[in-house]
Structure formats: C-alpha cells, structure tokens
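Chain by chain, the residues run as shown.
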Amino acid sequence: MGEADRRPDQAAPRAVPMRLQRFLARSGVASRRGSENLMTAGRVQVNGLTVTELGSKVDPLADVVTVDGRPVVWDARPFHLMLNKPVGVLSTMKDPKGRPTVADLVPVGEHPGLFCVGRLDRDTTGLLLFTTDGDLAQALLHPSREKAKRYIALVEGTVRAEALRALEEGIVLDDGPTAPARARIVAAGDPEAAAVLEGSGRPGGSIVELEIHEGRKHQVKRMLAAVGHPVARLHRVSFGPLELGDLPLGTWRELTGGERALLEEISPRGYH
Ligand code: URA
C-alpha cells in the first residue's frame, strides 16, 4: 500500500528496527563490510540525513534509505538457503553450552529470523534447509505432509535384498512402525557416494541409499540398525524438492529462483 492509499487514521506499517549496514546488505546493496564502507564514506542517507554512525538503526518499512541519492528497495520476501552441514556441528541456532552450531556457518546477521528446518544429528552431514518463513517450515515438517528425505549411509556388513525389503515395507521401532521407505544398494564406485564416504575405509561395509517421509529422532540410524546394519556415516542428499548437488561441505548457498518457486507451492503464504 502506498502513502496515497492509506487512510489518515491508519498508521504506517512498522518493522523491527535493524542496523543500517544489515539493512543495506540484506537489500543487496553490498556485503556487510561494503555497506559499512558506504556509510562511513557519507554516501548513505536515512530520511534525507546522512548517516555515518555504524550502530545506527532503521525501520525497514517506515524509513526512506538512499545510497548516492538512489532509494534502496527493502526486500521483504522470505530468505532461504541450503547448508551442507559438516560433522561436529549442532543443528540449533544457539547452544547453551557454547558448542559449535549451524548458526556459526550461515549469514544470520544479514537475515534475522533465519532458522533451520528440522535437524540432522551432530555426526550427520548434508542438506539442511534454512528459512525466515515459519509457515514454510511448518508445512515442510507437518507429519501429514512430511516431504521425502534421501540419505546415503555407510553401514556395517553386507546388505542383502531381504534387508532392503524390510526397510521398504516398514520397520517396527520402539516408537512404532515406520512408513514404507525406498532403499537401494549404491553401486560400487558411485561418484556421489565415493565423494561423500571416501576415506571411511571400513572393510565389509555397504553403501545404502534410503528415502523416508518421516522425521523421527535418529530414524535412519535406527532403521538400519534394526535390520542388522549399524550406520558408520550418514549424509543427507535431498530434502523435499531440494537436491544438495555438489555444494562443498561446510558451505551454504541461497536457493535459486526455481527452488524458491518449488517452495512457493508448499508454503501456505506464497511469495510474490
Ligand atoms: N536419521 C538419523 O538417524 N540421523 C539424522 O541425522 C537424520 C536422519
């Protein structure tokens, strides 16, 4: 709604104030450091006044910010990224014991409200989705609509067809039976598995791909242990419509336009 459309008795919408350099970075003007440089160079105005103080705050919805006289358009759309989570990092945005968390690896400063959708165990690697859209997260994790998640597991022992069949039909775990899954033995020398599992070197092990539609605690490890194949290493390669691809371990990337469109179909909000 523009100023002209607003009735006199309607207050202008307001947002939580944020640091000006964060606002600039979030709006795609420059990196956080680049935005700070723009400010200290006197090139940034807020409501017509030049602001050089790095701690200054703005309300993204109410304040008019310009750089070199050009207005900065606030991007209020939700932000999503995928991380290839490394081993040894907790899937939480804050740990009271101060251990490393995924928040150390993603740009939460530029994107306040960013959080991870679901969890991976500390020793599990792979695709973890982050979003600022709580409705989307709920839709992705809702038990009635849980999205497929595909894992590659290095397991002990030689996996045979009966074990795959049991995984596919559903396993009775101590918290109830699992829904049918998809399971296959990954061909020896499969490039994806080789890249992920290289160097783990357990003789007699197997590499299995398992796709599940639920999100119970340690589910994949418990399912594979239940058929006699404890997991040595676990890596998630897909989550709903998203594929990890060759994103290096420990790095993140913003979702592409195509991926955003796929999430738009899932989020009750829709994006424009
Ligand atoms: N299942 C597990 O056992 N661990 C994970 O991290 C994810 C799924």
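Each remark here, short or long, concerns the structure printed above.
None of the values given here were measured: they were computed from a predicted structure. (Residues numbered from 1 in each chain as written. Predicted model: local features only at pLDDT ≥ 70, side-chain atom pairs only at ≥ 80, totals over all residues. Heavy atoms only, no water.)

**Here's the deal with the sheet that holds strand S2 (residues 44-46)**
Taken together, 4 strands build an open sheet; the order of strands is S3-S2-S5-S6 and the sheet is antiparallel. Either end of the sheet is taken by a strand with one partner, and the two such strands are strand S3 (49-50) and strand S6 (70-71). Note that strand S5 (residues 65-67) and S6 share 2 bridges and pair antiparallel. Among the inter-strand pairings, Thr66 is bridged to a residue of S6, identified as Pro71. (Pairing = 2+ DSSP bridges. Helix = DSSP H or I, 4+ residues; strand = E, 2+ residues; numbered from the N terminus.)

**Here's the deal with the site of the ligand**
As a matter of local geometry, the ligand sits amid Leu120, Asp121, Thr124, Tyr151, His218, Gln219, Val220, Lys221 and Leu234. In this structure, Thr124 approaches the ligand through a side-chain N or O atom, which is 2.9 Å from an oxygen atom. Here an oxygen atom of the ligand and a backbone polar atom of Lys221 are 3.0 Å apart. Expressed as a share of its isolated accessible area of 240 Å², the protein-covered part of the ligand is 95%. Among the cavities detected, the one that contains the ligand is the largest pocket. Counting residues per element, the shell around the ligand draws most heavily on helix H6 (residues 219-226), which supplies 3 residues. For the shell around the ligand, the per-class residue count stands at 4 nonpolar, 3 polar and 2 charged. Three or more residues apiece are contributed to the shell around the ligand by two domains, here domain 2 (80-143 + 243-266) and domain 3 (149-239). (Near = heavy atom within 4 Å. Polar contact = N/O pair within 3.5 Å; in protein donor to acceptor, adjacent residues only side chain to side chain. Areas by Shrake-Rupley, 256 points an atom, 1.4 Å probe, with all protein chains shown as cover. 1 Å grid on protein atoms, 1.4 Å probe; cavity = no way out; pocket = protein on both sides within 12 Å on 5 of 7 lines; lining within 4 Å. Sits in = over half its atoms within 2 Å of the grid points. Nonpolar A, V, L, I, M, F, W, Y, C, P; charged D, E, K, R; others polar. Domains from an automatic or database assignment.)

**Some thoughts on the pattern of salt bridges**
Considering all chains together, one arrives at 15 salt bridges under this definition. Glu146 is the partner of Lys149 in a salt bridge, and the nearest nitrogen-oxygen pair spans 2.5 Å. The burial state of Lys149 is the same as that of Glu146; both residues are buried. (Salt bridge = Lys/Arg side-chain N within 4 Å of Asp/Glu carboxyl O. Buried < 20%, exposed > 50% of the residue type's maximum accessible area, 1.4 Å probe, protein only.)

**Quick notes on the environment of Arg216**
Positionally, Arg216 belongs in the loop between strand S14 (206-212) and H6. The spatial distance from the C-alpha of Arg216 to the C-alpha of Pro143 is 10.0 Å, given a sequence separation of 73 residues. With near-sequence residues (within four places) excluded, Arg216 lies in contact with Leu173, Asp175, Gly176, Pro177, Thr178 and Arg222. At 3.2 Å, the side chain of Arg216 and the backbone oxygen of Gly176 are in polar contact. (Contact = heavy atoms within 4.5 Å.)

**Regarding unusual backbone geometry**
We note that Asn47 has phi near 50 degrees; this positive angle belongs to a residue other than glycine. Of note, Asn47 is situated in the loop between S2 and S3. Unlike most non-glycine residues, His218 shows phi in positive territory, near 50 degrees. Relative to the helices and strands, His218 is located in the loop between S14 and H6. By relative accessible area, which is 38% here, His218 ends up partly exposed.

**Some thoughts on the layout of surface pockets**
Quantified by volume, the largest pocket comes out at close to 510 Å³. Together, 26 residues line the largest pocket, and Arg119, Leu120, Asp121, Lys217 and His218 are the ones closest to its centre. Counting only elements with at least two residues in the lining of the largest pocket, the list comes to strand S10 (149-155), H6 and strand S15 (231-239). Broken down by element, the residue count for the lining of the largest pocket peaks at 3 residues, all from S15. (Points joined across faces, edges and corners; volume = space filled by probe spheres on them.)

**A short note on the side chain of Asp121**
Along the chain, Asp121 falls in the loop between strand S8 (115-116) and strand S9 (124-131). Overall, the relative accessible area of 18% leaves Asp121 in the buried class. There is a polar contact of 3.0 Å between the side chain of Asp121 and the side chain of His218. There is a polar contact of 2.8 Å between the side chain of Asp121 and the side chain of Lys221. What Asp121 contacts, discounting residues up to four positions off in sequence, is Lys85, His218 and Lys221.

**What about the pairing of S14?**
Regular strands place side chains that alternate from one sheet face to the opposite one. Judged by how many residues are buried, S14 sits mostly within the fold: 6 of 7 residues are covered. Sheet analysis places S10 next to S14, joined by 7 bridges and oriented antiparallel. Residue pairing in the sheet places Ala153 in a bridge with Val208 of S14. Here strand S13 (residues 182-185) runs beside S14; their pairing, made up of 4 bridges, is antiparallel. Across the sheet, residue Arg182 finds its bridge partner in S14, namely Glu211.

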